[in-house]
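Chain by chain, the residues run as shown.
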Amino acid sequence: QVQLVESGGGLVQAGGSLRLSCAASGSRYRINAMGWYRQAPGKQRALVATITSSGSTNYADSVKGRFTISRDNAKNTVYLQMNSLKPEDTSVYYCYADDALQYGYWGQGTQVTVSS
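Here the structure is a predicted model, which is why all the values come from computation and not from measurement. (Residues numbered from 1 in each chain as written. Predicted model: local features only at pLDDT ≥ 70, side-chain atom pairs only at ≥ 80, totals over all residues. Heavy atoms only, no water.)

(A) How the structure looks around the overall build of the chain. A tally of regular secondary structure across the chain gives 0 helices and 11 strands. Listing each helix as α and each strand as β along the chain from the N terminus yields β-β-β-β-β-β-β-β-β-β-β. Taken against the 2.2 N^0.38 rule, which gives 13 Å for 116 residues, the C-alpha radius of gyration of the chain at 14 Å falls within 12% of a compact globule. Principal-axis analysis of the C-alpha atoms places the extent of the chain at approximately 45 × 25 × 20 Å. In the chain, 52% of the contacts between residues at least 6 apart in sequence involve partners at least 24 apart. When the accessible area of the chain is evaluated, it comes to approximately 6200 Å², of which 46% is carbon and sulfur surface. For the chain, the distance from the average site of its 11 positive side-chain charges to the average site of its 7 negative ones is 1 Å. (Helix = DSSP H or I, 4+ residues; strand = E, 2+ residues; numbered from the N terminus. Rg over C-alpha atoms; globule rule 2.2 N^0.38 Å. Contact = heavy atoms within 4.5 Å. Areas by Shrake-Rupley, 256 points an atom, 1.4 Å probe, with all protein chains shown as cover. Lys, Arg positive; Asp, Glu negative; His and termini not counted. Charge placed at Lys NZ, Arg CZ, Asp CG, Glu CD.)

Okay, here's the thing in structure tokens:
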């Protein structure tokens, strides 16, 4: 089965930066879109950013200009560079990927906490 392994979460002060990484492995079919979603306690899981294998990106309005999504197709890895972090960015961030059969997969989630 497909496994998504995340890293890079942690605690940071407001205005600081973090870089999240997620590597996909075990897929029998090509990975198509990858992305990041987040879910805070008591809130709905929401899109943060997505990127296709060709490099087309989509961002939530709340993170435009602050976050940048990128990927390394050779490594099946997606990144999320988060700058100018705000306390309202505090959430569990989930990696997402889908394959050529349109099956979707989720990572385990990584905690991002922004203080001050």
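Read on for the rest.
(B) Fine view of the pairing of strand 5 (residues 46-51). Pairing geometry for strand 4 (residues 31-39) and strand 5, over 5 bridges, is antiparallel. The partner of Tyr 37 across the bridge, within strand 5, is Leu 47. As consecutive antiparallel partners, strand 4 and strand 5 are separated by 6 residues, and within that stretch Gly 42 has a phi angle of approximately 75°, a positive value. Strand direction decides the pairing type here: strand 5 and strand 6 (residues 57-59), joined by 3 bridges, are antiparallel. Pairing of Thr 50 across the sheet is with Asn 58, part of strand 6. Here strand 5 folds back onto strand 6 in antiparallel fashion, the turn holding 5 residues, of which Gly 55 has a positive phi close to 100°. (Pairing = 2+ DSSP bridges.)

(C) Spatial organisation of the pairing of strand 7 (residues 67-72). Of the two faces of strand 7, the one holding Phe 67, Ile 69 and Arg 71 is buried and the one holding Thr 68, Ser 70 and Asp 72 is not buried anywhere. As defined by bridge partners, strand 7 adjoins strand 8 (residues 77-82) across 6 bridges and the pair is classed as antiparallel. Following the sheet pairing, Arg 71 is matched in strand 8 by Val 78. Hairpin remark: strand 7 followed by strand 8, antiparallel, with 4 residues in the connecting loop; positive phi at Asn 76, about 50°. (Buried < 20%, exposed > 50% of the residue type's maximum accessible area, 1.4 Å probe, protein only.)

(D) Summary view of the sheet that holds strand 8. Strand order across the open sheet formed by 4 strands is 1-3-8-7, with antiparallel pairing between neighbours. Two strands close off the open sheet at either side, each with one partner strand: strand 1 (3-7) and strand 7. Here the strands of the sheet are splayed against their neighbours by 15° on average, with no regard to which way each runs. Bridge analysis of strand 1 against strand 3 (residues 18-25) gives 5 bridges, and the strand direction is antiparallel. Each residue of the ladder has a partner; that of Val 5, found in strand 3, is Ala 23. (Axes fitted to C-alpha atoms, helices over the stretch in contact; angles between N-to-C directions.)

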